[in-house]
Amino acid sequence: MSDLLDQSPEIEPLREQRLGPLFWICVGWLSLNVLGAIFANVLPLVNPLYQNYNAINAGPSLHHLFGTDDLGRDILSRVVFGSRVSLAVGSGAMLIGFGIGMPLGMLAAYRRGRLDTILTAVMYVLLAFPAIIAVIAVISFWTPRTLFKIIVVIGLASVPLVYRVIRSATLAVATKDYVTAAKVQGSTDRRILFRELLPNIAPIAVSFLLIGVATVVTLEGALAFLGLSVNPPTPSWGNMINESRTVMAQNPWLVIFPSLALCLFLLCLNFIGDRLRSYFDVTEVKL
Amino acid sequence: MSDERRPLLKVRDLTVTFGKGAHAVSAVAGVSFDIYEGETLGLVGESGCGKSTTGKALMKILTPSSGTVELDGVDITHQRGRALRHARTRMQMIFQDPISSLNPRRRVRGIVAEPLDAWKTVTGEQRDRLVDELLNQVGIDPEVYGDRYARQFSGGQCQRISIARALAMRPQFLICDEVVSALDVSVQAQILNLLEDLKAEYGLTLLFIAHDLAVVKNISDRVAVMYLGRIGEIGPSEVLYEAPAHPYTKFLLGAALEADPESATTGAVLEGEPPSPLDPPSGCRFRSRCPYATERCAIEEPVLTEVAPGHQVACHFPFIAQ
Amino acid sequence: MSERLLEVTDLRTTFRTVTGSVPAVGGVSFDLKANETLGIVGESGSGKTVLARTIMGLQPRTNVEVTGSVLLNGHQVVGASERTMRTMWATEVAMVFQDPMTSLNPVMRIGRQIDETLRVRLGMDRRAAHDRALELLTMVGIPSAQSRYRAYPTELSGGMRQRVVIATALACSPKLLIADEPTTGLDVTIQAQILNLLDSLKQQLSMSVILITHDLGVVATRASRIIVMYAGRIVEMGDTRDIFYHHRMPYTRALLESSPKVTNTPHTRLAVIPGRPPNLSTPHPGCPFAPRCAYATERCHVEAPTLVAASAPGHRFACWNPLTETDHPEAR
Ligand SMILES: Nc1ncnc2c1ncn2[C@@H]1O[C@H](COP(=O)(O)OP(=O)(O)OP(=O)(O)O)[C@@H](O)[C@H]1O
Ligand SMILES: Nc1ncnc2c1ncn2[C@@H]1O[C@H](COP(=O)(O)OP(=O)(O)OP(=O)(O)O)[C@@H](O)[C@H]1O
Ligand code: SF4
Ligand code: SF4
Ligand SMILES: [Mg+2]
Ligand SMILES: [Mg+2]
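For clarity, every value in this text was computed on a predicted model and none was experimentally measured. (Residues numbered from 1 in each chain as written. Chains lettered and ligands numbered in written order. Predicted model: local features only at pLDDT ≥ 70, side-chain atom pairs only at ≥ 80, totals over all residues. Heavy atoms only, no water.)

Enquirer: In this structure, what is going on with the packing of helix α2 (residues 75–111) of chain A against helix α9 (residues 253–280) of chain A? I would like to understand it.
Expert: Helix-helix packing: each pair is described by the crossing angle between the helix axes and the interaxial distance. All names here are of chain A. Relative orientation of the contacting elements α2 and α9 amounts to 40 degrees, with a least axis distance of 10 Å. Comparing their axes, α9 and α2 come out oblique. At the point where α2 passes α9, the crossing takes the right-handed sense. Between α2 and α9, the contacting residues are Ile 75, Val 79 and Leu 87 on the first element and Trp 253, Leu 254, Phe 257, Pro 258, Ala 261 and Phe 265 on the second. The class makeup of the residues in the contact of α2 with α9 is 9 nonpolar, no polar and no charged. (Axes fitted to C-alpha atoms, helices over the stretch in contact; angles between N-to-C directions. Helix = DSSP H or I, 4+ residues; strand = E, 2+ residues; numbered from the N terminus. Parallel < 35°, antiparallel > 145°, perpendicular 65-115°, else oblique. Left-handed = near helix turned anticlockwise from the far one by under 90°. Contact = heavy atoms within 4.5 Å. Nonpolar A, V, L, I, M, F, W, Y, C, P; charged D, E, K, R; others polar.)

Enquirer: Is there a simple way to explain the sheet that holds strand β1 (residues 7–18) of chain B in this structure?
Expert: The strands making up a sheet associate through backbone hydrogen bonding, with each pair oriented either parallel or antiparallel. Residue and element names in this part refer to chain B. Read from one edge to the other, the open sheet built from 4 strands follows the order β2-β1-β4-β5, with strand pairing classed as antiparallel. Both edges of this open sheet fall to β2 (25–36) and β5 (74–75), since each of them pairs with a single strand only. Note that strand β4 (residues 66–71) and β5 share 2 bridges and pair antiparallel. Each residue of the ladder has a partner; that of Leu 71, found in β5, is Val 74. The strands touched by helix α1 (residues 51–58) are β1, β2 and β4; relative to β1, the strand with the most contacts, the crossing angle is about 115 degrees. (Pairing = 2+ DSSP bridges.)

Enquirer: Whenever I open this one, the pattern of salt bridges confuses me. Can you help?
Expert: A side chain of one charge can pair with a side chain of the opposite charge if their charged atoms are brought near each other. Residues and elements named next belong to chain B. Enumeration according to the criterion identifies 34 salt bridges over all chains in this entry. One salt bridge in this structure joins Asp 34 and Arg 12, with 3.0 Å as the shortest N-O distance. Taken together, the residues span a long stretch of sequence, with Asp 34 in strand β2 and Arg 12 in strand β1 at a distance of 22 residues. With a closest N to O distance of 3.3 Å, Asp 147 and Arg 109 form a salt bridge. (Salt bridge = Lys/Arg side-chain N within 4 Å of Asp/Glu carboxyl O.)

Enquirer: Would you mind showing me how to read the site of ligand 2 here?
Expert: All names here are of chain C. Taken together, 13 residues lie around ligand 2, and Ser 44, Gly 45, Lys 48, Thr 49 and Val 50 are the ones closest in. In this structure, an oxygen atom belonging to ligand 2 sits 2.5 Å away from a side-chain N or O atom of Thr 49. One of the backbone nitrogen or oxygen atoms of Val 50 is found 2.9 Å away from an oxygen atom of ligand 2. At the level of secondary structure, the elements contributing two or more residues to the shell around ligand 2 comprise β1 (4–17) and α1 (48–55). Class assignment of the residues belonging to the shell around ligand 2 gives a composition of 4 nonpolar, 6 polar and 3 charged. (Near = heavy atom within 4 Å. Polar contact = N/O pair within 3.5 Å; in protein donor to acceptor, adjacent residues only side chain to side chain.)

Enquirer: Looking at this structure, how should I read the site of ligand 3?
Expert: Neighbouring ligand 3 are 13 residues; Cys 284, Cys 290, Cys 297, Cys 315 and His 316 of chain B lie closest to it. Of the residues contributing to the shell around ligand 3, the split by class is 10 nonpolar, 2 polar and 1 charged.

Enquirer: How should I be thinking about the domain arrangement of chain C in this particular structure?
Expert: Frequently, the measure chosen for interface size is the accessible area that the parts lose on association. All names here are of chain C. Segmentation of chain C into domains returns domain 1 (4–223) and domain 2 (229–321). If you average the C-alpha positions of domain 1 and of domain 2, the two centres end up 27 Å apart. At the interface, 22 residues of domain 1 touch 16 residues of domain 2. For the pair domain 1 and domain 2, the summed buried area comes to about 1,500 Å², and 63% of that belongs to carbon and sulfur atoms. On the domain 1 side of the interface with domain 2, the three residues burying the most area are Glu 43, Ser 46 and Leu 216, jointly 35% of the side's total. Taken together, the connections running from domain 1 to domain 2 amount to 1 salt bridge. Taking the shortest distance from any N to any O, the salt bridge between Glu 43 and Arg 292 comes out at 3.9 Å. Where domain 1 packs against domain 2, one counts 5 residue pairs in polar contact (both at pLDDT 80 or more). (Domains from an automatic or database assignment. Buried area = accessible area lost by both parts, 1.4 Å probe.)

Enquirer: Just checking my understanding: could you explain the interface of chain B and chain C for this structure?
Expert: Listed per partner, the contact involves 45 residues of chain B and 48 residues of chain C. For the chain B face of the interface with chain C, the top three residues by lost area are Asn 218, Leu 257 and Pro 261 of chain B, together amounting to 17%. The interface formed by chain B and chain C includes 2 salt bridges. Two residues, Glu 262 of chain B and Arg 241 of chain C, come together in a salt bridge whose shortest N-O distance is 2.6 Å. Seen at the junction of chain B and chain C, the total is 20 residue pairs in polar contact (both at pLDDT 80 or more).

Enquirer: Looking at this structure, how should I read the domain arrangement of chain B?
Expert: Residues and elements named next belong to chain B. Splitting chain B by domain gives domain 1 (7–102 + 153–258 + 266–313) and domain 2 (103–152). Tallying the contact residues gives 22 residues for domain 1 and 23 residues for domain 2. Taking both partners together, domain 1 and domain 2 bury about 1,800 Å²; carbon and sulfur atoms supply 70% of that area. When the area that domain 1 buries against domain 2 is broken down by residue, the three leading residues are Leu 102, Phe 153 and Met 169, summing to 35%. One can count 0 salt bridges joining domain 1 with domain 2. Where domain 1 packs against domain 2, one counts 4 residue pairs in polar contact (both at pLDDT 80 or more). At the level of elements, α2 (81–90), α6 (155–167) and α7 (185–202) are the ones that each hand at least two residues to the side of domain 1 that touches domain 2. Its residues placed into classes, the side of domain 1 that touches domain 2 shows 12 nonpolar, 5 polar and 5 charged.

Enquirer: Got a minute to help me understand the pairing of β1 of chain B in this structure?
Expert: Residue and element names in this part refer to chain B. For β1 and β2, the ladder comprises 9 bridges, and the chain directions are antiparallel. Bridged to Val 16 within β2 is Val 28. A loop of 6 residues connects β1 with β2, the two strands running antiparallel in sequence, and Gly 19 in this loop sits at a positive phi of about 75 degrees.

Next up, the structure:
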């Protein structure tokens, strides 16, 4: 059987695709944000609610690195504490969205049939509602507003979107021959879902997750801007920007720093999401 | 000769319909045949005539809308759940596209071991040894390639890995759906020889689906010709290629290109294209392109009839050698 | 005017990629007479498509280096600007691609696509173009051309689409038609129809055809001369009968022997070529076929053979240890 041996000597290793330094800078910045939010209490920061009447609308100084606001509160401290709300809303809502949307989407796409028809119909009806208006309506009537309620409402609103993305990603994979081959070998549905499907949709899911977090953080900002997020004086990036509207002329720092934090955060998330998607895209690597 | 052999697979009136109502397409419309133990049956026909659909219905990847499939005397048409999963391991299928048949995110050893892990028939060291043995058999060095990802392989190598995976559960029956169509001639010959070797070693029975008539002739004991969801002719390869009895078979063979400058090119060319399966012609499905069609062909549907031992034709006016 | 429609001399097309340079076409010379059909045969990756696109002057200008010369009806193609090429495309040379879907605009009616070429290139008016387009569609054997004129490409079958592509290519009566695997992916019966069509059009319009394929059967009865390519080089070329019956190069023979034949008895063991074609981005000094060749000697691994003349006129091969006439069991 010697003539049957595939004697092709070389298989080149895959082209080393690198994530690049910018990716790691972004990861670093995000980690800093997350760590700051978690350990805000133990960091050497002024109490974000403490009003220092001796320094009102002060510019950046050694004492107050980012300056103070119109009530004499330390902006740096408020930005760091504010990130807690933004991060909690972003990750919490996406946890709910993916926790519900992802299994449903995968199951519907893999099983097809009536389950898929019904679920997809329901999701499309939900998608037809303008989600933002629905969220605004629910939040404004469901008082008192708490962080938890905001997370739940946004999370539930994101389920149809997650469902749609995951379902179509799964569909693309589920029609591949290797899934059929696994079925034919007698693999159970659970094995197929976890071994064949999940690894192949994970990259899309992760990048969508990151972009989803970014979207939700923006949404929280927008809600805060309408005065519909957590109640002041608890800081969030959104309500800080909102409050600064009136004093923008006297104290531009008040709007610059939270906006900068928000922008950098979103930029990093989007960039990481994009990079990861192309990094994991096997099809981009030519055989 | 065929009478003594035992049919491993008995297919009766297999019908597969896609869609409903006005859009219903009978991709396979009442197909019956036997596959004897240890033989290779070739299945040829033009694109869209229902070859893959037949193969998938045998494996129950698609649910037939009617008809029965018997494996070793057991009707598997209505099996479900574990019984079906079990029946499937006795039959295996290899697909046309070598690249999409393998999960790009799994390593070669994992892919080949998947059926073993799913069934837990062998575990631990025994399993590892079996996997390496399978890879060796298909000509992939497990030491060098075993831990590579599937996406790092060429088409021919992917097809070898698919074959190793299909053999892991030691099936009796193997369906090869256009397994060499995407490969270069030189690699194609390697895979065809490999299949012949493994067939002998494992005592496999093969259903070999392809549109390349030369490839089918080289590997099959018997050949079935499909047209628009029906079998037009079935018989021993040499008989069928030497003296085709169905007009369609004759045209098909006439259009096959020989790698020989002196081969005749004057063979009449079949005009037109297959009609849409949405709206097949009445009576004989080949009627719209058949130069021998008569009124009877439009009214009466020809059924498979034996014209010689083991040679069946579905035509009212078959060519029968005197 | 010279009798040679196309003269290709030492043509090299090298891609610069992240993993190194890829000499997809590595020094190819041949010529083509008027009203001749030349077959180019080779396995996947042997550089057939790249060669065809280079002759068409279709290679992108970045990351590709093209050297040598392509004289098309007296005009130099290598280094010609896109504007110069535009004057040659359609009227001098046209191409039929493997996948008809990629060369037809999916959102434009097929008649319009042919019209467009006629009006832009030949300056025909709307009526004349319309009539000529209908004529072309009829010529390539599209039934009820009048109604198909308004069809979109997706409404046609693969075979019909390929006919439309051929009609588009022939719109301005080119002197050379390059058909890159025009029947790959089509059914045998449709393939026979298309090949017959190309043959009769060639006679009718007295043009030259380069027929590219990986299937020796396609060129066996259609081409008068054949070029066998391997790893971007010509390894053997000559009259069709010489290539089939008196080949001297082991690869040509291996290619012929490894293809299954309709006349074989069932379970005929096929001759196989071990391994697979070389990776072009790793340079190899010797004969590109050496790692797979049963006749290889030491010399083959270090020194590349060049094309040398065989006994028959125009028959050339590149091999250090050529097969002799007695090696041909089928020699007639
Ligand atoms: N999932 C499906 N839904 C609807 N129609 C289908 C489906 N799968 C196949 N068909 C139709 O069934 C017919 C037979 O298809 P099948 O894939 O079995 O053909 P085939 O003989 O394998 O052709 P090929 O040589 O192109 O692989 C075709 O007309 C096709 O369009
Ligand atoms: N744009 C490109 N960049 C880098 N390499 C390329 C490019 N285009 C083609 N190649 C390489 O050039 C070689 C020849 O390719 P080509 O497409 O000409 O082969 P072919 O003979 O037409 O094969 P096939 O039968 O598969 O169409 C291949 O190894 C291919 O990888
Ligand atoms: S039954 Fe009639 S139409 Fe059908 S193949 Fe025979 S002669 Fe032709
Ligand atoms: S030169 Fe050597 S390696 Fe190349 S084909 Fe001839 S004998 Fe074989
Ligand atoms: Mg098929
Ligand atoms: Mg090509």
